[in-house]
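Descriptive structure summary
Spelled out from the first residue to the last, the chains are:
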There are 2 protein chains.
Amino acid sequence: MYSLMSSPSISSSSSSFLGQTHFDSRNPNACLPTKDSWICKCVATPSTETTAHTTKVSRNANMAKLQAGYLFPEIARRRSAHMLKYPDAQVISLGIGDTTEPIPEVITSGMAKKAHALSTLEGYSGYGAEQGEKVMFGSNVTMAVQDPSYPAYVDLSVILGQTGQFQKDVEKYGNIEYMKCNPENGFFPDLSTVSRTDIIFFCSPYNPTGNAATREQLTRLVQFAKDNGSILVYDSGYAMYISDDSPRSIFEIPGAKEVAIEVSSFSKYAGFTGVRLGWTVVPKELLYSDGFPVAKDFNRIECTTFNAASNISQASGLACLSPEGLEAMHKLVGFYKENTNIIMETFTSLGFSVYGGKNAPYVWVHFPGQSSWDVFSEILEKTHVVTTPGSGFGPAGDGFIRVCAFSHRGNVLEACKRFKRLYK
Amino acid sequence: MYSLMSSPSISSSSSSFLGQTHFDSRNPNACLPTKDSWICKCVATPSTETTAHTTKVSRNANMAKLQAGYLFPEIARRRSAHMLKYPDAQVISLGIGDTTEPIPEVITSGMAKKAHALSTLEGYSGYGAEQGEKVMFGSNVTMAVQDPSYPAYVDLSVILGQTGQFQKDVEKYGNIEYMKCNPENGFFPDLSTVSRTDIIFFCSPYNPTGNAATREQLTRLVQFAKDNGSILVYDSGYAMYISDDSPRSIFEIPGAKEVAIEVSSFSKYAGFTGVRLGWTVVPKELLYSDGFPVAKDFNRIECTTFNAASNISQASGLACLSPEGLEAMHKLVGFYKENTNIIMETFTSLGFSVYGGKNAPYVWVHFPGQSSWDVFSEILEKTHVVTTPGSGFGPAGDGFIRVCAFSHRGNVLEACKRFKRLYK
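Here is a short report on the structure shown in this document.

1. Some words on the overall build of chain A
When helices and strands are counted, chain A shows 13 helices and 16 strands. Expressed as a percentage of the 424 residues in chain A, the buried residues total 66%. Considering only intrachain contacts with a sequence separation of at least 6, the fraction spanning at least 24 residues in chain A is 71%. Total accessible area on chain A is roughly 14000 Å²; 52% of this is exposed by carbon and sulfur atoms.

The following block contains the structure:
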């Protein structure tokens with residue numbers, strides 16, 4: 001809803017808690033939302049009964065292309081249905097990759113300090129440095145994704161009009177290059193079979209398979225992007241989970257600055273999935289075909305549409321970067337990596353082919369010849385554990401489930417006990 | 001940069017303080033930014049020397065359409081040049097509408113409480129309710145704006161490819177309906193001369209002129225949108241500044257729910273320009289031409305691309321909505337309205353035609369026959385006060401300057417003293 005972005009005074013909607021305005025013009029607060037009626041209700045479940053009036057504005061055809069139900073809401077629906085069916089079941093969620101452990105105190109006190117400072121003359125600050133995200137490449141670019149990959153990459157491209165229709169038979173959108181990643185190719189695409197695209201989304205360590213690309217593989221990827229004149233959008237959001245010597249950043253690869261943008265965040269390092277703070281590195285060496293610096297357009301869009309992350313979030317980000325903050329983040333990451341090991345060992349001991357885990361908080365379990373959704377449903381039905389069906393990440397993910405290590409230790413141990421009971 | 005939005009772990013870039021990653025693969029933090037090199041430098045002033053490699057990705061043609069320098073960065077550049085010229089001048093900024101007074105303590109303690117809670121098991125929360133903004137309407141819609149109006153409305157439409165080229169002679173983009181607002185029409189467009197568009201951006205109280213539309217005018221606007229099958233995007237971000245009985249919300253107008261979306265924020269009510277928290281109301285009654293609810297696509301985009309405002313910002317939003325929070329916001333708004341009156345009285349006493357002010361923190365001063373930028377430059381040169389040239393908001397703004405009331409009282413009084421010296 002770009003009218004939102006286009007207002008200087010708004011950077012983010014918060015309609016999940018801010019209610020409908022009410023309309024008493026004699027009330028000086030009539031412009032303010034009340035807490036008793038929730039816009040999120042109307043947003044989440046809009047009435048479909050037709051009213052007297054329809055506008056003449058046609059719906060964005062790209063929205064109609066999207067397949068029903070974004071993956072995680074769909075899983076949430078099935079989870080709710082399951083809980084209705086088994087009201088007494090102790091359901092454990094190892095599905096959506098949401099962190100569960102508290103944010104280290106050294107980081108939250110940085111937040112709180114900034115919060116208090118904002119009510120002092122000295123500590124108050126208004127608009128921050130302008131910065132942001134959004135629609136830089138436009139709709140005329142082509143894109144490639146790992147298959148399977150995090151669904152939002154594809155859905156965003158669909159919304160931005162970069163893709164064709166969804167082709168039910170192959171479970172793919174037209175005009176997207178799906179780079180198959182499976183055990184046969186070590187979860188790294190065979191680049192000799194990949195067509196040239198403008199943008200290549202690449203995530204490493206890699207959600208959902210948990211695999212991290214090696215230095216040699218990333219060197220080939222950078223060369224591939226360079227040969228094709230492509231821009232690599234590299235998501236390193238799980239880099240702190242790497243145990244071996246896989247690169248933590250695409251910019252460890254010589255020449256990457258001429259072909260790559262890197263995005264990452266504190267979400268999986270410091271439990272910031274709710275605090276919402278990340279960063280983007282756009283090297284000045286990255287140029288469009290006409291020689292214009294990508295960073296310059298990036299900055300222009302930031303200034304125009306976004307206007308910075310919350311100053312409170314930024315203060316907590318600085319706390320993350322303090323020596324104590326870094327140490328606390330490593331401890332937190334270490335805890336989730338122990339969870340990962342427990343899940344890995346469980347499925348390995350049960351004779352499954354298990355992938356990932358080593359460099360990421362995700363375990364990718366193979367169920368050859370079975371449908372991911374069938375496996376998901378059987379596990380939910382028989383163990384009351386929510387996982388994520390691999391096919392939700394792309395056609396090449398079918399036959400796999402993703403088991404997520406973001407959970408309290410007790411839940412992980414209990415879930416693994418149930419897995420052993422089911423598959424022993 | 002939609003790769004950013006498309007990552008689940010990132011909702012906002014923070015590159016103004018998060019530095020370039022460094023590339024020592026033996027360092028487990030190599031994936032993390034350091035504080036000694038600043039990406040914002042490279043983003044803000046990208047190198048233009050050509051490097052060995054250019055990608056084959058063509059630049060988004062819509063970006064090239066944008067006119068150089070977004071208004072406020074341009075003003076900042078001129079301000080800096082002025083300070084170089086007069087290093088000892090005490091420069092006062094009444095330009096950009098950034099709040100200056102601290103956030104009420106009752107609100108920041110709500111923030112701090114949430115921050116501390118996040119480091120406890122009970123108080124921790126991860127992903128919030130999914131919600132957001134972005135590119136819902138696509139590039140095939142037509143739009144209308146008030147002329148003058150806040151520049152981001154137009155710039156966003158340009159970036160989204162909804163407009164034609166910039167026409168230097170008339171200072172307008174092609175394919176945008178500019179709804180002229182001037183003293184002759186009481187700063188409300190003559191709708192009989194306005195062509196039908198899909199989207200109508202309308203801000204009231206109205207930045208930059210400070211004018212609030214009356215109930216009768218808004219009733220006509222809603223009817224106009226209904227007759228044309230248009231969607232009204234109504235920005236009520238200054239509604240708390242209204243002193244008379246002008247509507248605080250478009251939804252005070254019968255039938256508005258079938259044609260309007262309303263956006264607003266706490267920025268100008270609680271000094272949240274840096275905290276970044278706003279809301280959007282998308283009525284379930286609002287339907288595309290095919291009868292599909294707009295709210296449903298809005299929600300889908302939110303779930304896919306945005307994933308909520310920072311939980312800290314949301315906690316502070318709840319504090320704003322408490323009785324004490326509302327009272328504190330009214331007090332803060334009252335302070336800025338006193339500033340506004342001081343500025344109004346000053347220019348009135350100097351014989352200028354002065355508009356706005358009554359229902360908004362902006363004073364719109366008329367300098368008939370003069371160029372806004374000339375007036376801006378003369379005021380800066382002779383009084384060291386930064387204002388905003390009206391023509392920066394659209395061609396109909398030429399001959400006006402906007403004087404902003406967001407400043408400490410002492411600065412407002414000093415600036416007005418200087419205005420009197422200049423224009424007595």
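2. As for the environment of Leu413(B)
All names here are of chain B. Relative to the helices and strands, Leu 413 is located in helix H13 (residues 409-423). A relative accessible area of 45% places Leu 413 in the partly exposed class. Measuring from C-alpha to C-alpha, the distance between Leu 413 and Thr 54 comes to 53 Å, with 359 residues separating the pair along the chain.

3. Quick look at the packing of helix H4 (residues 71-85) of chain B against helix H12 (residues 372-383) of chain B
All names here are of chain B. It is at 11 Å that the axes of H4 and H12 come closest, and there the two elements cross at 35°. The handedness of the crossing between H4 and H12 comes out as right-handed. Contact residues: Leu 71, Glu 74, Ile 75, Arg 78, His 82 and Lys 85 in H4; Trp 373, Phe 376, Ser 377, Leu 380 and Glu 381 in H12. Looking at side-chain class alone, the contact of H4 with H12 contains five nonpolar, two polar and four charged residues.

4. Quick look at the pattern of salt bridges
Residues and elements named next belong to chain A. Throughout the structure, instances matching the rule amount to 24 salt bridges over all chains. For Glu 216, the salt bridge is made with Arg 220, and the minimal N-O distance between the two is 2.6 Å. Note that Glu 216 and Arg 220 are positioned in helix H7 (residues 215-228) at a spacing of four residues, about one turn of the helix. What makes Glu 216 partly exposed here is its relative accessible area of 45%. A salt bridge links Lys 417 to Glu 414; the nearest nitrogen and oxygen atoms lie 3.7 Å apart. Taken as a pair, Lys 417 and Glu 414 lie in helix H13 (residues 409-423) at a separation of three residues, close to a single helical turn. Among the residues examined, Lys 417 registers a relative accessible area of 48% and is labelled partly exposed. One network of salt bridges, in which partners are shared, links Glu 414, Lys 417 and Arg 418.

5. What to know about the sheet that holds strand S12 (residues 354-356) of chain B
Residues and elements named next belong to chain B. Judged by pairing direction, the sheet is antiparallel, and its four strands sit side by side in the order S12-S13-S16-S15 without closing on themselves. Two strands in the sheet have a free side with no partner beyond their single neighbour: S12 and strand S15 (388-389). The pairing of strand S13 (residues 362-366) with strand S16 (residues 400-404) spans five bridges and is antiparallel. In the sheet register, Val 363 faces S16, and the bridge partner there is Val 403. Seen against the sheet, H12 touches S15 and S16 and runs at an angle of roughly 45° to S16.

6. A short note on the pairing of strand S16 (residues 400-404) of chain A
With five of five residues buried, S16(A) is to be regarded as a mostly interior element. Residues Phe400(A), Arg402(A) and Cys404(A) of S16(A) are buried on one face, and the alternating residues Ile401(A) and Val403(A), pointing to the opposite face, are buried as well.

7. Remarks on helix H6 (residues 151-159) of chain A
Residues and elements named next belong to chain A. The element H6 is extensively covered by neighbouring structure, given that nine of its nine residues are classed as buried. What H6 keeps buried is the set Pro 151, Ala 152, Tyr 153, Val 154, Asp 155, Leu 156, Ser 157, Val 158 and Ile 159. Positioned one or two residues after H6, Gly 161 has a phi angle of 80°, which is positive.

8. As for the pairing of strand S7 (residues 176-180) of chain A
The side chains of a regular strand alternate between both faces of the sheet. All names here are of chain A. For S7, a buried count of four out of five residues is recorded, marking the element as mostly surrounded by other parts of the structure. Pairing analysis gives five bridges linking strand S4 (residues 143-147) to S7, with the strands arranged parallel. Residue pairing for S7: Gln 146 is matched across the bridge by Met 179.

9. Looking at the packing of aromatic side chains
On inspection of all chains with the given rule, the structure shows 46 aromatic pairs over all chains. Centre to centre, the rings of Trp373(A) and Phe376(A) are 5.2 Å apart; their planes meet at 75°, and the pair counts as edge-to-face. A residue pair is termed a helical-turn pair when its members lie 3 or 4 positions apart in one helix, as Trp373(A) and Phe376(A) do in helix H12 (residues 372-383) at three residues. Each ring, one from Phe202(B) and one from Tyr234(B), has its centre 6.4 Å from the other, and the planes form 10°; the classification is stacked. On the criterion of sequence distance, the pair formed by Phe202(B) in strand S8 (residues 199-203) and Tyr234(B) in strand S9 (residues 231-235) is long-range, its members being 32 residues apart. Each member of the pair, Phe202(B) together with Tyr234(B), is buried. Three or more aromatic residues joined by ring pairs form one cluster here, namely Tyr238(A), Tyr241(A), Phe335(A), Tyr336(A), Tyr362(A) and Phe406(A). Above the plane of the ring of Trp373(A) lies Arg78(A), whose end atom (NZ or CZ) is 3.9 Å from the centre.

10. Some remarks on the sheet that holds strand S7 (residues 176-180) of chain B
Residues and elements named next belong to chain B. Across the sheet, six strands lie side by side as S7-S4-S8-S9-S10-S11; this open sheet has mixed pairing. Pairing within the sheet leaves two strands with one partner each, and these edge strands are S7 and strand S11 (278-281). In this sheet, adjacent strand axes meet at a mean angle of 20° when their direction is disregarded. Docked against the sheet, helix H6 (residues 151-159) engages strand S4 (143-147), S7, S8 and S9, running at close to 155° with respect to S4. Most of the contacts of helix H7 (residues 215-228) go to S8, to which it runs at about 170°, and overall it touches S8 and S9.

11. What to know about the nonpolar core
Counting 106 residues, the largest nonpolar core has Ile250(A), Phe272(A), Ile250(B) and Phe272(B) as the members making the most contacts within it. For Ile250(A), the contacting residues outside a window of four places in its chain are Leu218(A), Val222(A), Leu232(A), Tyr234(A), Ala256(A), Ala260(A) and Glu262(A). By size, the runner-up hydrophobic cluster in this structure holds 41 residues, among which are Leu71(A), Ala152(A), Cys203(A) and Val263(A).

12. Section: helix H5 (residues 105-117) of chain B
Since the α-helix turns once every 3.6 residues, residues separated by three or four places project in the same direction. The terminal C-alpha atoms of H5(B) lie 18 Å apart, and with 13 residues this matches the ideal 18 Å at 1.5 Å per residue to within 8%. Considered for burial, the residues of H5(B) that qualify are Ile107(B), Thr108(B), Met111(B), Ala112(B) and Ala115(B). Along the axis of H5(B), the buried residues cluster in a sector spanning 140°; they form a single face. Looking at the buried positions of H5(B), the neighbouring elements they touch are helix H5 (105-117) and helix H10 (311-321) of chain A together with helix H8 (267-270), helix H10 (311-321) and helix H11 (323-349) of chain B.

How each quantity is defined
- Residues numbered from 1 in each chain as written.
- Chains lettered and ligands numbered in written order.
- Predicted model: local features only at pLDDT ≥ 70, side-chain atom pairs only at ≥ 80, totals over all residues.
- Heavy atoms only, no water.
- Helix = DSSP H or I, 4+ residues; strand = E, 2+ residues; numbered from the N terminus.
- Buried < 20%, exposed > 50% of the residue type's maximum accessible area, 1.4 Å probe, protein only.
- Contact = heavy atoms within 4.5 Å.
- Areas by Shrake-Rupley, 256 points an atom, 1.4 Å probe, with all protein chains shown as cover.
- Axes fitted to C-alpha atoms, helices over the stretch in contact; angles between N-to-C directions.
- Left-handed = near helix turned anticlockwise from the far one by under 90°.
- Nonpolar A, V, L, I, M, F, W, Y, C, P; charged D, E, K, R; others polar.
- Salt bridge = Lys/Arg side-chain N within 4 Å of Asp/Glu carboxyl O.
- Pairing = 2+ DSSP bridges.
- Phe/Tyr/Trp six-rings, centres within 6.5 Å; stacked < 30°, edge-to-face > 60°.
- Lys NZ or Arg CZ within 6 Å of the ring centre and 35° of its normal.
- Core = buried A, V, L, I, M, F, W, Y, C linked by side-chain atoms within 4.5 Å.
- Expected span 1.5 Å × (residues − 1).
- Arc of directions from axis to C-beta.

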